[in-house]
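If you want the building blocks of each chain, they are given just below.
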Amino acid sequence: MELQAGHGTVDQNLVVEVEIESLSTGDSPRVSGADPEHVEALVAAQTPLPPIIVHRPTLRVIDGLHRLSAARLRGDDKISVVFFDGDEAEAFVLAVESNTTHGLPLTTAERKLAARRIIASHPQWSDRMIASVAGIAPGTVAAIRRQSRHGAAAETARIGQDGRIRPVNIAEGRRLAGQLIAENPGLSLRQIARAASISPETARDVRNRMLRGEDPLPKPRTRKHAEGGTPRQETTSNLAVPTVSTVLERTQVQHRTAVVERLRADPALRFNETGRTLLRLLTVNTASAQNWEEMIDNVPPHCGGIVARLASECAGMWAEFATRLEQRTVAESA
């Protein structure tokens, strides 16, 4: 299996033994250093440590600071390593992503510092793209970008998580989508989104607005100041108040994400293949409603029926899994 981070690669099939003393731990996103309790937990587990990821040109540890500390504490001279080939900016991105998706999570402060650095090295990445790497909210990334001197760069478009280039200001994209829908109502949301460089969800909103006879672009709303009652113009995005269902859905997703993050830090799950498979499956269910909508929109029509049946079967298997696990848990605690 080969992982890709930016333009660099990690070949997980090529594992080598490297002298521990030859490795460097500098320039890590984990500015607070290794957590002693987590290192002790790895030592106490007494199981083979998975290979760490090392930047080949500099021999700097990208992922595995705690495993390296545990190996040193056990008195090992060598440690299993897989090498990453890429530049230092790509190595840092991989380090942040690795320490966000598994192991002991980075602190919030460390994630924000990492996001600031990634904004500087990859200004063309969207806020959502950087947020997915750093493990923070896209809005937080946007705020950091505004405060950063690199945020002043006038990018007209950015690269999203799906690899597509979209305009920073989607007003023009909405207008183009409206024109496409008017000229050819039979176009799919995917086709509209691709042609207008907007997301399928935005294309859906434009189409729904046009069906209601509204303008593709949300119109400004007015509200009165509390003091003088003078109306002022504010855009819909500034005034939009999430519905109860949206708030609940987001809270549930955040809760699931936090729980899965804690499970990823548990050595009993991390250090065996069955546990890692379970963690990967659980991670899928931390997707937001918008993520699910985008996946639905991007399923080719000729595959829709098959994917729907598979999804239904998977849901049934998860339900049975949950029932049996709950029964075993109750029996063991009795």
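Scroll up a little and you will see the structure.
Only a predicted model underlies this, so the values are computations on that prediction, with no experimental measurement involved.

Draft legend 1. A look at the overall build of the protein chain. From N to C terminus, the protein chain includes 15 helices and 10 strands. For the protein chain, the residues scored as buried account for 32% of the 334 residues in total. For the protein chain, the share of sequence-separated contacts (at least 6 apart) that also reach a separation of at least 24 residues comes to 64%. Looking at the protein chain as shown, the accessible area adds up to about 19700 Å², and 56% of this sits on carbon and sulfur atoms.

Draft legend 2. View of the packing of aromatic side chains. Considering all chains together, one arrives at one aromatic pair under this definition. Taking 5.4 Å as the distance between ring centres and 80° as the angle between the ring planes, the aromatic pair formed by Trp318 and Phe321 counts as edge-to-face. Within this pair, Trp318 and its partner Phe321 are both found in helix α15 (residues 304–333), separated by three residues, close to a single helical turn. The ring of Phe92 carries Arg117 above its face, with NZ or CZ at 3.9 Å from the centroid.

Draft legend 3. The arrangement of the pattern of salt bridges in detail. Under the defined criterion, the tally for this structure stands at 13 salt bridges. One salt bridge connects Asp205 with Arg174, and the closest N-O pair in it is separated by 2.9 Å. Residue Asp205 is located in helix α9 (residues 200–211), and its partner Arg174 is located in helix α7 (residues 171–183); the two are separated by 31 residues in the primary sequence. Classification of Asp205 by relative accessible area gives partly exposed; the value is 25%. We note a salt bridge from Asp205 to Arg209, for which the minimum N-O separation is 3.0 Å. Linking Asp205 with Arg209, this pair stays in helix α9, spanning four residues, or about one helical turn. Under the relative-accessibility criterion, Arg209 is labelled buried at 15%. Put simply, Arg174, Asp205, Arg209, Arg212 and Glu214 are held in one network by salt bridges that share partners.

Draft legend 4. Molecular detail of the pairing of strand β6 (residues 78–85). Across the eight residues of β6, six count as buried, placing the element largely inside the fold. Direction of pairing for strand β3 (residues 16–19) relative to β6: antiparallel, over a ladder of four bridges. Directly across from Val16, in β6, lies its bridge partner Val81. For strand β4 (residues 52–55) and β6, the ladder comprises four bridges, and the chain directions are parallel.

Draft legend 5. Representation of helix α2 (residues 65–73) within the structure. Those residues of α2 lying buried are Leu65, His66, Arg67, Leu68, Ala70 and Ala71. In this fold, the buried residues of α2 make contact with α1 (36–45), β4, β5 (60–63), β6 and α12 (267–270). Following α2 by one or two positions, Gly75 has its phi on the positive side, about 85°.

Draft legend 6. Representation of helix α3 (residues 88–101) within the structure. Look at α3: 20 Å from first C-alpha to last across 14 residues, which is about the 20 Å you get at 1.5 Å a residue. Burial runs high along α3: 10 of the 14 residues are buried. Among the residues of α3, Glu90, Ala91, Phe92, Val93, Leu94, Ala95, Val96, Ser98, Asn99 and Thr100 are the ones counted as buried.

Draft legend 7. Spatial organisation of a nonpolar patch on the surface. On the surface, Val284, Trp292 and Met295 cluster together to form a nonpolar patch covering roughly 280 Å² of accessible area. By secondary structure assignment, the location of Val284 is in helix α13 (residues 273–284). A relative accessible area of 46% places Val284 in the partly exposed class.

Draft legend 8. Structural detail: the environment of Glu261. When you line up the elements, Glu261 lands in helix α11 (residues 244–264). Put simply, Glu261 and Thr283 are 22 residues apart on the chain and 8.9 Å apart in space, counted from C-alpha to C-alpha.

Cut-offs and rules
- Throughout, residues of each chain are indexed from 1 in the direction in which the sequence is written.
- Where local features are concerned, this predicted model is filtered to residues with pLDDT of at least 70; where side-chain atom pairs are given and counted, the filter is 80 or more; whole-chain, interface and lining totals use all residues.
- Excluded from the side-chain calculations are hydrogens and water; all other atoms, namely the structure's heavy atoms, are used.
- Secondary structure elements follow DSSP: runs of H or I of four or more residues count as helices, runs of E of two or more count as strands, with numbering from the N terminus.
- Categorising residues by exposure relies on relative accessible area from a 1.4 Å probe, with only protein chains included: less than 20% of the type maximum marks a residue as buried, more than 50% marks it as exposed, and the intermediate range marks it as partly exposed.
- We call two residues in contact whenever any of their non-hydrogen atoms come within 4.5 Å of each other.
- The Shrake-Rupley method, run with a 1.4 Å probe, gives the accessible areas here. Residue values count only the displayed protein chains as cover.
- Side-chain rings of Phe, Tyr and Trp, where Trp is taken by its six-membered ring, are said to pair if the distance between their centres is within 6.5 Å; with planes under 30 degrees apart they count as stacked, over 60 as edge-to-face, and otherwise as tilted.
- Ring-over charges, as used throughout, are those where CZ of Arg or NZ of Lys falls within 6 Å of the ring centre and within 35 degrees of the ring normal.
- Salt bridges are defined as contacts in which a side-chain nitrogen from Lys or Arg sits within 4 Å of a carboxyl oxygen from Asp or Glu.
- Any two strands between which DSSP finds at least two bridges are classified as paired.
- In this scheme, a helix's expected span is set at 1.5 Å multiplied by one less than its residue total.
- Patch membership requires over 30% relative accessible area and the absence of a salt bridge. Like charges are linked within 9 Å, and nonpolar side chains (Val, Leu, Ile, Met, Phe, Trp, Tyr) within 5 Å.

The quantities given are spatial measurements derived from coordinates; they are silent on function.
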